[in-house]
Amino acid sequence: MKIWTRIRNSNVKQFFKLSLLLAKHPLLIIPTLDATKHTFELCTSFYGNNHGKSNKGNAFRHSLWNALICKKSLKRIKNKQKSVFWAQKVTDLYEMVTQNNTLDEQMDLQNNAVGRLYFLNFTDKDESEMIHFIWEKSKVAEKIRKTEDIKKYPSNMVYIVD
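These remarks concern the structure in this document. Keep in mind the model is a prediction, meaning the values are calculated, not measured. Each chain carries its own residue numbering, running from 1 in the written order of its sequence. Local features in this predicted model are restricted to residues whose pLDDT is 70 or higher, and side-chain atom pairs enter the listing and the counts only when it is 80 or higher, whereas totals over whole chains, interfaces and linings include all residues. No hydrogens and no water enter the side-chain calculation; it runs on all heavy atoms of the structure.

So, on to the overall build of the chain. A tally of helices and strands in the chain yields seven helices and two strands. Numbering of helices and strands runs from the N terminus; a helix is a DSSP stretch of H or I covering at least four residues, while a strand is a stretch of E covering at least two. Counting helices and strands in the order they occur from the N terminus, the chain gives α-α-α-α-α-α-α-β-β. Atoms counted for the radius of gyration: C-alpha only. Globule rule: 2.2 Å times the number of residues to the power 0.38. Its C-alpha radius of gyration of 15 Å places the chain within 12% of the 15 Å reference for a compact globule of 162 residues. Along the first, second and third principal axes, the C-alpha atoms of the chain reach 40 × 40 × 30 Å. Think of it in three bands: residues with accessible area under 20% of the maximum for their type are buried, residues over 50% are exposed, and the middle band is partly exposed, with areas taken using a 1.4 Å probe on protein chains only. Relative to its full complement of 162 residues, the chain shows a buried share of 46%. In this analysis, two residues are considered to be in contact whenever any of their non-hydrogen atoms come within 4.5 Å of each other. For the chain, the proportion of contacts with a sequence separation of at least 24, taken over those separated by at least 6, is 70%.

Here we come to the nonpolar core. Only buried Ala, Val, Leu, Ile, Met, Phe, Trp, Tyr and Cys residues count toward a nonpolar core, and they belong to the same one when joined by side-chain atoms within 4.5 Å. If you look at the biggest cluster of nonpolar residues, it comprises 33 residues, and the most contacted ones within it are Leu 64, Phe 119, Met 130, Ile 134 and Met 157. Residue assignment for this core shows that the elements contributing at least two residues are α2 (12-24), α3 (29-47), α4 (56-77), α5 (80-98), α6 (102-121) and α7 (127-138). For this core, the leading source of residues is α4, giving nine residues. Once you skip the residues sitting within four places of it in the chain, Ile 134 turns out to touch Phe 60, Ser 63, Leu 64, Ala 67, Tyr 118 and Met 157. In this structure, Ile 144, Ile 150, Val 158 and Ile 160 belong to the second largest nonpolar core, which totals six residues.

Turning our eyes to something else, we now look at the packing of α3 against α7. Working note: a packed helix pair is described by the angle between its axes plus the distance between those axes. Where α3 contacts α7, the axes come no closer than 13 Å and their chain directions differ by 50 degrees. Overall, the two elements α3 and α7 adopt an arrangement that is oblique. For the crossing formed where α3 meets α7, the hand is right-handed. Residues His 38, Leu 42, Phe 46 and Tyr 47 of α3 touch α7, and the partners they reach there are Glu 127, Ile 131, Trp 135 and Ser 138. Only Asp, Glu, Lys and Arg are considered charged, only Ala, Val, Leu, Ile, Met, Phe, Trp, Tyr, Cys and Pro nonpolar, and every remaining residue, Gly among them, polar. Of the residues assigned to the contact of α3 with α7, the class counts are five nonpolar, two polar and one charged. For helices, the fitted axis covers only the stretch in contact; all axes are lines through C-alpha atoms, and the angles between them, taken along N-to-C directions, range from 0 to 180 degrees. Note on angle classes: values under 35 degrees are labelled roughly parallel, values over 145 roughly antiparallel, values of 65 to 115 roughly perpendicular, and the remainder oblique. Two helices crossing with the near one rotated counterclockwise from the far one by less than a right angle form a left-handed crossing, whereas a clockwise rotation gives a right-handed crossing.

For the rest of this paragraph, the subject is unusual backbone geometry. In this structure, Ser 54 is a non-glycine residue whose phi angle is positive, near 60 degrees. Of note in this structure, Lys 78 is not a glycine but carries a positive phi near 65 degrees.

It is worth spelling out the side chain of Asn 55 at this point. Along the chain, Asn 55 turns up in the loop between α3 and α4. We define a polar contact as two N or O atoms separated by no more than 3.5 Å, with the added condition that, inside protein, one atom must be a possible hydrogen donor and the other a possible acceptor, whereas residues neighbouring each other in sequence contribute only through side-chain atom pairs. A distance of 2.6 Å separates a polar side-chain atom of Asn 55 from the backbone oxygen of Asn 50. Among all residues touching Asn 55, those that are not within four sequence positions of it are Asn 50, Tyr 159, Val 161 and Asp 162.

To estimate how far a helix should reach, multiply one less than its number of residues by 1.5 Å. An ideal rise of 1.5 Å per residue puts 27 Å on 19 residues; α5 measures up with 27 Å between its terminal C-alpha atoms. Every buried residue of α5 is accounted for by Ser 83, Val 84, Trp 86, Ala 87, Val 90, Thr 91, Leu 93, Tyr 94, Glu 95, Val 97 and Thr 98. Residue Asn 79 occupies the N-cap position of α5, its side-chain oxygen lying 3.0 Å from the main-chain nitrogen of Gln 81. Remark: Gln 99 follows α5 within two positions and exhibits a positive phi of approximately 50 degrees.

With that out of the way, let us pick up the pattern of salt bridges. Counted as salt bridges are all cases of a side-chain nitrogen of Lys or Arg within 4 Å of a carboxyl oxygen of Asp or Glu. Tallying each qualifying case throughout the model produces seven salt bridges. In this structure, Asp 34 and Lys 72 form a salt bridge, with 3.3 Å as the shortest nitrogen-oxygen distance. Here Asp 34 is found in helix α3, whereas its partner Lys 72 is found in helix α4, with 38 residues between them in sequence. Among the residues examined, Asp 34 registers a relative accessible area of 39% and is labelled partly exposed. In this structure, Lys 37 and Glu 41 form a salt bridge, with 3.7 Å as the shortest nitrogen-oxygen distance. Of this pair, Lys 37 and Glu 41 both sit in helix α3, four residues apart, which is roughly one turn of that helix. On the accessibility criterion, Lys 37 (54% relative accessible area) is exposed.

This is how it looks when you write it as structure tokens:
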């Protein structure tokens, strides 16, 4: 999956909202982009090009992306709740822009939320510890078949296909 291709193909109004959000918070653009780049590098090294297919690699990517946005933006914001709120705003808006089907979107939103939750448990720990923890948790992600299944796993990563 090419993130910029998906964004360029998005609805103009939604793309404008994402651009406006970033413009309002210029100090958070670099940490957000750095987290995005680092996430894709790690996912590609762990999963090759298979982390965009609604699988455990995709669950790992979304959780890690949110945790890293929180971790990297915390250095600028200096407030963990505000860094979590920033990550949620960016990634929720990204999900709106990319226009996935409902189950994929709900899966992504769940994994995003789980990543932010994991970050809160690792705010005072090394980034590599957090990455390793998320990697291990992705191995036991829960398979779902319908949106309602997500409610069964409020603090677990979820995926759709093996």
